[in-house]
Amino acid sequence: MDISLVIPLYNEAESLPELTAWIERVMKENGFSYEIWFVNDGSTDNSWEVIESLRRENDCVKGIKFRRNYGKSPALHVGFGKAQGDVVITMDADLQDSPDEIPELYRMITEEGYDLVSGWKKKRYDPLSKTIPTKIYNATARRVTGICLHDFNCGLKAYRNEVVKNIEIYGDMHRYIPYLAKNAGFSRIGEKVVHHRARKYGKTKFGLDRFVNGYLDLLTLWFFSKFGAKPMHFFGLLGSVMFVLGFLAALAVGGGKLYALCRHLPYRLVTDIPYFYLSLTAMILGTLLFLTGFLGELISRNAAGRNVYNIEKEIL
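As a convention, each chain's residues are numbered from 1 in the sequence order in which they are written. For a predicted model such as this one, the threshold for reporting local features is a pLDDT of at least 70, and the threshold for listing and counting side-chain atom pairs is 80 or more; totals across whole chains, interfaces and linings nevertheless cover every residue. Hydrogens and waters are ignored; side-chain quantities use all the structure's heavy atoms.

### Examining the pairing of strand E4 (residues 87–90)
Piece 1. When a residue's accessible area, from a 1.4 Å probe over protein chains only, is under 20% of the maximum for its type it is buried; when over 50% it is exposed; and in between it is partly exposed. For helices the rule is a DSSP run of H or I covering at least 4 residues; for strands it is a run of E covering at least 2, with both sets numbered from the N terminus onward. Because side chains alternate across E4, one face comprises the buried residues Val87 and Ile89, and the other comprises Val88 and Thr90, equally buried.
Piece 2. Here, any two strands with at least 2 DSSP bridges between them count as paired. For strand E1 (residues 3–9) and E4, the ladder comprises 4 bridges, and the chain directions are parallel. Bridging from a neighbouring strand, serine 4 pairs with valine 88 of E4.

Structure, rendered in structure tokens:
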């Protein structure tokens, strides 16, 4: 099979027939064999009934229905597990992504050798309250991940099948699939300018809180990619530095009192000096951080048997 389309949706019943007919036309014009996986993420409208109706008309339409709304990342994760096509393409169900982009995305994967191609909605039909935070968010993501993409959160993406089978998407990590792919060893990541269409039906399901959550998820991914398998390198180093600084500060406080005693100078009790308590706090925090790193190493070692290493080729 050439292409698997994975389309998460939540209350998009009105757009599904038009989207399916559009995809079907594009596939027939280009002679692609394909399947469409609609992942109904707990919709409260009649989206599932529409999917069942489309299935009766087109054998390429397949569906998954969640009992409740879990979010886009779980929907993509389940859809990726079902996809059988050589190239897997994701898009939103609200008709803001154009299926006419599919042939070029497929070509970039199969002919140019990309592992992943991300869409870039260069010209957007969104209000400034959405476009400005998006630009700031994408600039930060480029800086942290080292991946030069202009639109990390674009729903229109294409992958080699091997990529989607070797990454795990959870929480709201769908925003950082390119980073997950890079961490899994798939470094050929490209970008294509795609057409952004104004929403035709319904209303957006995302608010401004996604930008706050996006930054927190980015920090989480960065930390796990750097220190997930070696937590002592982070907590141990930070704890050691804090302990040493606290210990030196305590020595300075004690040394100052001894100097005053030897020279018969007036002095204060050590317990009356605020720096003494600050140094003790630093030493205690340093010890706790070091122990946190040590416990993290124990947990990491115990989980070593469950580590997954992506093997590209093997000669037997």
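### Comments concerning the sheet that holds E1
Piece 1. Read across the open sheet, the 7 strands follow the order E3-E2-E1-E4-E6-E5-E7; overall the sheet is mixed. Edge positions in the sheet fall to strand E3 (61–65) and strand E7 (189–193), since each has one partner strand and no second. Strand-to-strand twist in this sheet, taken as the mean axis angle between neighbours without regard to direction, amounts to 20°.
Piece 2. The sheet contact formed by E4 and strand E6 (residues 157–160) spans 4 bridges and is antiparallel. Paired with valine 87 across the strands is arginine 160, a residue of E6.
Piece 3. Residue contacts are counted whenever heavy atoms from the two residues lie within 4.5 Å of one another. Between the N-to-C directions of two axes lies an angle of 0 to 180 degrees, each axis being a line fitted to C-alpha atoms and, for a helix, fitted only over the stretch in contact. Contacts from helix H2 (residues 47–57) reach E1, strand E2 (34–40) and E3 within the one sheet, and its direction differs from that of E3 by about 155°.

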